[in-house]
2 protein chains.
Amino acid sequence: MDDVAIEAGVSQMTVSRVMRGTGQTSEQVRHRVEQAARKLGYVPNRLATSLRDETTPLIAVVLPTLGNRVFSEVLDGITATLSGRGLQPVFGVTEYSEATEEELVRDLLSWRPQGIILPGLEHSDATRIAIRAAGVRVVEVMDIDGDPISIAFGLSQYAAGQATARYMLTKGYRRFGYIGSQGARDLRAVKRFNGFRDAVRDSGGQILVEHVSDGPSSMIEGRRATATVLSAPDRPEAIYYSNDDLAAGGIMHCLSHGVTMPTDVALAGFNGLPFLEALPIQLTTVETPRLEMGIRAAQHLIDDHDTSEVPRVIDLGFHLIPGQTS
Amino acid sequence: MDDVAIEAGVSQMTVSRVMRGTGQTSEQVRHRVEQAARKLGYVPNRLATSLRDETTPLIAVVLPTLGNRVFSEVLDGITATLSGRGLQPVFGVTEYSEATEEELVRDLLSWRPQGIILPGLEHSDATRIAIRAAGVRVVEVMDIDGDPISIAFGLSQYAAGQATARYMLTKGYRRFGYIGSQGARDLRAVKRFNGFRDAVRDSGGQILVEHVSDGPSSMIEGRRATATVLSAPDRPEAIYYSNDDLAAGGIMHCLSHGVTMPTDVALAGFNGLPFLEALPIQLTTVETPRLEMGIRAAQHLIDDHDTSEVPRVIDLGFHLIPGQTS
DNA sequence: GTGAAAGCGCTAACAC
DNA sequence: GTGTTAGCGCTTTCAC
């Protein structure tokens with residue numbers, strides 16, 4: 001910037017004013033500065049601006065994984081909301097590890113972001129302390145079953161599982177299987193299953209088999225798991241999947257092996273991802289407000305508001321979509 | 001940091017040394033400083049470090065969209081490679097707009113990243129100038145058909161289209177349809193189609209219909225487009241899709257309407273996404289090294305090396321996967 | 001309409 | 001083993 005100032009024969013201050021279009025500058029000077037800047041290929045240094053202003057245009061975003069469309073849709077909602085307002089996301093991925101999250105949050109906070117968006121309500125003490133110490137705005141997304149640090153935009157995962165079970169029960173199914181992934185690390189999937197299981201048991205139904213693989217969820221994993229579950233001696237009438245990818249894999253298994261849905265086996269998923277609409281048979285699932293969670297979370301961090309007045313939990317709800325698989 | 005120094009009764013410099021574990025510090029002092037830091041909830045400010053050191057641990061990443069698994073896989077490769085080495089991605093999405101890319105690149109560069117990763121080889125002059133001026137390392141990914149700014153890791157999109165056409169031609173198809181999306185903004189899809197079309201014409205085949213929708217690609221869009229193309233009076237024997245999502249939609253249309261593949265119509269896609277494996281019928285497609293592109297790009301930015309010695313184009317190749325749809 | 005000075009938080013280099 | 005100094009690039013404040 002000093003170089004530009006010298007080249008244009010003015011002070012740094014004037015260059016600063018021209019670059020940002022603030023204050024008073026004569027047409028003449030403005031022109032000379034712009035020329036000089038272009039000639040020297042001047043690139044402003046936001047580190048300096050942010051250090052000086054004690055504020056950054058950054059929003060930190062923590063995601064469990066990029067391997068599921070669910071989170072890239074949330075991220076999409078966030079980036080779309082931020083981009084119009086000159087804010088930038090800095091993000092990181094935890095792969096469902098609390099320890100990774102802890103380190104990641106510390107790293108992200110050192111950039112002094114305006115705010116931070118976290119997935120879910122479960123975080124280590126160290127994570128909570130770091131966030132409190134940084135005095136940064138926090139929003140938690142996805143889940144509302146628990147105690148948010150400050151505010152959460154999401155849905156009741158437990159209730160979603162419950163609702164799915166109740167629907168299946170009204171359809172007459174009593175003997176269920178469950179297919180999940182990510183071991184027990186996906187805490188929201190665990191909550192959904194708890195809701196599902198509780199509702200089933202309350203009605204005298206039973207969970208015959210739980211098949212939770214350790215790796216990430218995918219259609220192919222769902223297909224394999226479905227083959228396994230359906231070939232078990234105690235074969236369930238209906239299968240609840242922890243998400244749509246797994247459930248779609250179940251559909252593929254059935255289509256490929258002449259298993260008729262829902263008479264041979266009924267299926268239900270979770271998320272209501274757009275690709276389901278393209279399948280030959282419509283999956284019973286629960287539609288979640290993924291984009292909206294991202295948008296609302298980002299908006300909350302942007303907007304001015306009295307923290308004390310805001311409700312701590314915003315339930316964005318869910319919507320059971322009856323399909324042809326149950 | 002000054003507060004911590006006062007609390008611990010030492011100088012800022014000592015606090016700095018303790019925090020980073022560098023230099024000499026007595027056990028005593030170290031302990032006092034750590035206590036003080038914890039008590040005051042000290043969070044280091046990387047803006048200051050980066051300004052002072054004239055270097056950041058940031059890698060800028062530009063992506064066309066998050067709506068396609070292809071790019072989240074590339075991003076996954078990048079983040080996985082960076083995270084081990086204390087580097088952080090800052091990213092933005094262009095939605096296939098060159099103007100958005102220009103602005104985004106300027107914004108990202110103002111953070112003084114170590115390097116920047118761009119999709120494809122086509123960028124506006126302003127983008128190129130900004131990058132050159134910033135003196136930042138650049139890697140372009142996905143495509144190698146053109147002139148990279150510095151180095152590109154990718155594959156020949158034109159050759160991939162050609163290879164697909166040649167394979168289809170050996171199978172006896174001569175009358176083709178093409179289904180794409182994103183208008184003409186997805187320049188790599190355009191290159192693939194050019195390769196495909198040229199190869200088809202060279203063999204006396206013909207492209208009967210080109211159906212390129214303006215929106216993003218999706219399975220459901222592919223399903224709809226396939227219905228349209230197959231109901232046209234001049235119905236093609238085979239359809240080439242600009243990617244797997246669209247092609248999978250085509251498969252769904254055929255499965256749902258009793259259209260037998262490949263006898264009634266043959267299909268081919270592009271990318272070799274994992275979900276294809278789960279489908280009831282295997283799609284003929286071209287497998288691309290998505291994760292590897294991300295990993296190699298990130299590694300290149302991390303590694304020390306003499307810029308002049310490095311080849312400018314790294315062809316990571318592709319792999320035609322014959323399926324049951326052609 | 002323009003400039004000079006000061007300081008944001010941190011650390012390399014050099015005392016002691 | 002610890003402290004002092006200076007400066008990274010920018011902008012707020014105040015002077016002219």
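Residues numbered from 1 in each chain as written. Chains lettered and ligands numbered in written order. Predicted model: local features only at pLDDT ≥ 70, side-chain atom pairs only at ≥ 80, totals over all residues. Heavy atoms only, no water.

1. As for the overall build of chain A
Under the convention used in this document: A run of H or I in DSSP counts as a helix once it spans at least four residues, and a run of E counts as a strand once it spans at least two, with each numbered from the N terminus. Put simply, the radius of gyration uses C-alpha atoms, and a globule should come to 2.2 Å times the residue count raised to 0.38. The classification of residues rests on relative accessible area computed with a 1.4 Å probe and restricted to protein chains. Under 20% of the type maximum is buried, over 50% is exposed, and intermediate values are partly exposed. Calculation of accessible area relied on Shrake-Rupley with a 1.4 Å probe; when residues are assessed, cover is drawn exclusively from the protein chains displayed. Counted as positive: Lys and Arg. Counted as negative: Asp and Glu. His and the chain ends are not counted at all. Charged groups are reduced to one reference atom each: NZ for lysine, CZ for arginine, CG for aspartic acid, CD for glutamic acid.
Scanning chain A for helices and strands turns up 12 helices and 12 strands. Its C-alpha atoms give chain A a radius of gyration of 25 Å, more than 25% over the compact-globule value 20 Å for 326 residues. Expressed as a percentage of the 326 residues in chain A, the buried residues total 54%. Per element, the accessible surface of chain A, about 13,500 Å² overall, is 48% carbon and sulfur. For chain A, the distance from the average site of its 31 positive side-chain charges to the average site of its 40 negative ones is 3 Å.

2. A look at the interface of chain B and chain A
Using the following cut-off: Working rule for contacts: check all heavy atoms of both residues, and any pair within 4.5 Å makes them a contact. Buried area counts how much accessible surface, traced with a 1.4 Å probe, disappears from two parts once they are put together, with both parts' losses summed. By definition, a salt bridge exists where a carboxyl oxygen of Asp or Glu is found within 4 Å of a side-chain nitrogen of Lys or Arg. Here a polar contact means two N or O atoms within 3.5 Å. Within protein one must be a hydrogen donor candidate and the other an acceptor candidate, and residues neighboring in sequence count only if both atoms are side-chain atoms. Charged residues are taken to be Asp, Glu, Lys and Arg, nonpolar residues to be Ala, Val, Leu, Ile, Met, Phe, Trp, Tyr, Cys and Pro, and polar residues to be all remaining types, Gly included.
Taken together, the contact pairs 46 residues of chain B with 45 residues of chain A. Summed over both partners, the interface of chain B with chain A comes to about 4,300 Å²; 62% of that surface belongs to carbon and sulfur atoms. One can count 4 salt bridges joining chain B with chain A. R224 of chain A is the partner of E277 of chain B in a salt bridge, and the nearest nitrogen-oxygen pair spans 3.8 Å. Where chain B meets chain A, there are 14 residue pairs in polar contact (both at pLDDT 80 or more). Its residues assigned to classes, the side of chain B that touches chain A comprises 26 nonpolar, 10 polar and 10 charged.

3. A few points about the relation of the copies chain B and chain A
Between the two copies of the chain lies a relationship made up of a rotation around an axis and a movement along it. This is how the line gets drawn: Fitting of the copies onto one another was done by least squares over C-alpha atoms, counting residues only where both copies have pLDDT of at least 70.
When chain B is fitted to chain A, the residual RMSD is 0.1 Å, and the transformation amounts to a turn of 180° plus an axial shift of 0.0 Å. Such a turn and shift between the copies fits a two-fold axis. When each C-alpha of chain B is compared by its distance to the rotation axis, V90 of chain B comes out closest, at 2.5 Å. Residue by residue, 98% of the interface of chain B is reproduced at the interface of chain A, so both copies engage with the same surface.

4. Section: the sheet that holds strand β7 (residues 206-212) of chain B
By way of backbone hydrogen bonds, the strands of a sheet pair with one another, either parallel or antiparallel. Residue and element names in this part refer to chain B. This is how it is decided: Two strands pair if DSSP finds at least two bridges between them. The axes used here are C-alpha line fits, helices contributing only the stretch in contact, and every angle between their N-to-C directions lies in the interval 0 to 180 degrees.
Read from one edge to the other, the open sheet built from 4 strands follows the order β7-β6-β8-β9, with strand pairing classed as parallel. Unpaired on one side and paired on the other, β7 and β9 (266-268) mark the two borders of the sheet. Going from strand to strand, the sheet's axes swing by 20° on average, the running direction of each strand aside. Pairing between strand β8 (residues 238-241) and β9: 3 bridges, direction parallel. Bridged to Y240 within β9 is A268.

5. Remarks on helix α10 (residues 219-230) of chain B
Stated formally: Multiplying 1.5 Å by the helix residue count minus one yields the expected span of that helix.
With 12 residues, α10 of chain B should cover 16 Å at 1.5 Å per step; its first-to-last C-alpha distance of 16 Å lies within 8% of that length. Those residues of α10 of chain B that are buried are in contact with β6 (175-180), β7, β8 and α11 (244-256) of chain B.

6. Looking at the protein's contact with DNA strand D
Put simply, the test is: Only a single heavy atom is needed: when it lies within 4 Å of a molecule or strand, its residue is near that molecule or strand.
Around DNA strand D, the structure places 24 residues, and the nearest of them are M1, Y42 and R52 of chain A together with T14 and V29 of chain B. Atoms of DNA strand D within 4 Å of the protein belong to the sugar or the phosphate in 62% of instances, the rest to bases. Within the contact set of DNA strand D, a phosphate oxygen lies 3.0 Å away from a backbone nitrogen or oxygen of N45 of chain A. Broken down by secondary-structure element, the contributors of at least two residues to the surface near DNA strand D are α2 (12-20) and α4 (46-53) of chain A together with α2 (12-20) and α4 (46-53) of chain B. Classifying every residue of the surface near DNA strand D gives 9 nonpolar, 9 polar and 6 charged.

7. Here's the deal with the protein's contact with DNA strand C
If you check the shell around DNA strand C, you find 24 residues, and the closest are T14, R17 and V29 of chain A together with M1 and Y42 of chain B. The sugar and phosphate moieties of DNA strand C supply 66% of its atoms located within 4 Å of the protein. Interatomic distance of 3.0 Å between a side-chain N/O atom of S11 of chain A and a phosphate oxygen of DNA strand C. In this structure, Y42 of chain B approaches DNA strand C through a side-chain N or O atom, which is 2.5 Å from a phosphate oxygen. Secondary structure elements with two or more residues in the surface near DNA strand C: α2 and α4 of chain A together with α2 and α4 of chain B. Partitioned by chemical class, the residues of the surface near DNA strand C number 9 nonpolar, 9 polar and 6 charged.

8. A word on unusual backbone geometry
Residue and element names in this part refer to chain A. The omega torsion across M261 and P262 is 0°, close enough to zero to call that bond cis. Among the structural elements, P262 can be located in the loop between α11 (244-256) and β9 (266-268). With phi around 65°, Y96 is a residue other than glycine that occupies positive phi space. Structurally, the position occupied by Y96 is in the loop between β2 (88-93) and α6 (98-109).

9. Thoughts on the nonpolar core
Spelled out, the test is: Only buried residues count toward a nonpolar core. Its members are Ala, Val, Leu, Ile, Met, Phe, Trp, Tyr and Cys residues joined through side-chain atoms within 4.5 Å.
Counting residues in hydrophobic clusters, the biggest one holds 112 residues, and the most contacted among them are L279 of chain A together with L279 of chain B. When near neighbours in sequence (up to four residues on either side) are disregarded, L279 of chain A contacts A248, I251 and M252 of chain A together with M219, R223 and M252 of chain B.

10. Concerning the UniProt feature "domain: HTH lacI-type" (unreviewed entry) in chain A
To keep things clear, this is the line we draw: UniProt positions are given in the numbering used here, feature names are shortened, and annotations may be inferred rather than shown by experiment.
Look at the UniProt record and you will see "domain: HTH lacI-type" (unreviewed entry) annotated at residues 1-53 of chain A. Here residues 1-53 of chain A is 72% helix and 0% strand, with 17 Å between the C-alpha atoms at its ends.

11. Observations regarding the pattern of salt bridges
In total, this model carries 28 salt bridges over all chains according to the counting rule given. A salt bridge links E221 of chain A to R224 of chain A; the shortest N-O distance between them is 3.9 Å. A residue pair is termed a helical-turn pair when its members lie 3 or 4 positions apart in one helix, as E221 of chain A and R224 of chain A do in helix α10 (residues 219-230) at 3 residues. A residue is classified by how much of its surface remains accessible, and E221 of chain A, at 16% relative accessible area, is buried. Looking at R224 of chain A, the relative accessible area reads 45%, which means it is partly exposed. When the shortest N-O distance is used, the salt bridge between D214 of chain B and R185 of chain B registers 3.3 Å. Placement of D214 of chain B in the loop between β7 and α10 and of R185 of chain B in the loop between β6 and α9 (187-202) is noted, with a sequence separation of 29 residues between them. Classification of R185 of chain B as partly exposed rests on a relative accessible area of 33%.

12. Some points on the pairing of strand β5 (residues 152-155) of chain B
Regular strands place their side chains on alternate faces of the sheet. Residues and elements named next belong to chain B. Along β5, one buried face is formed by A152 and G154 and the opposite face, lined by F153 and L155, is buried too. Here strand β4 (residues 137-143) pairs with β5 via 4 bridges, running parallel. Paired with E140 across the strands is A152, a residue of β5. Of the strand pairs in this sheet, β5 and strand β11 (residues 313-315) are connected by 3 bridges, and their pairing is parallel. When the bridges of β11 are listed, F153 appears paired with I314.

13. Some points on the packing of aromatic side chains
For clarity, the threshold we go by: In this scheme Phe, Tyr and Trp rings, the latter by its six-membered ring, pair at centre separations within 6.5 Å, and the angle between planes marks the pair as stacked below 30 degrees, edge-to-face above 60, and tilted otherwise. In this scheme, Lys NZ or Arg CZ marks a charge over a ring once it lies within 6 Å of the ring centre and within 35 degrees of the ring normal.
Using the criterion set out here, one finds 9 aromatic pairs over all chains in the structure. Ring plane angle 10° and centroid distance 4.2 Å describe the contact between F196 of chain A and Y240 of chain A, whose orientation is recorded as stacked. Taken together, the residues span a long stretch of sequence, with F196 of chain A in helix α9 (residues 187-202) and Y240 of chain A in strand β8 (residues 238-241) at a distance of 44 residues. Pair check on accessibility: F196 of chain A and Y240 of chain A agree, each one buried. Connected via pairs of aromatic rings, a cluster forms that spans F176, Y178, F193, F196 and Y240 of chain A. Above the ring of F193 of chain A, the side-chain terminus of R197 of chain A is found at 5.5 Å from the ring centroid. Against the face of F270 of chain B rests R192 of chain B, its NZ or CZ located 3.9 Å from the ring centre.

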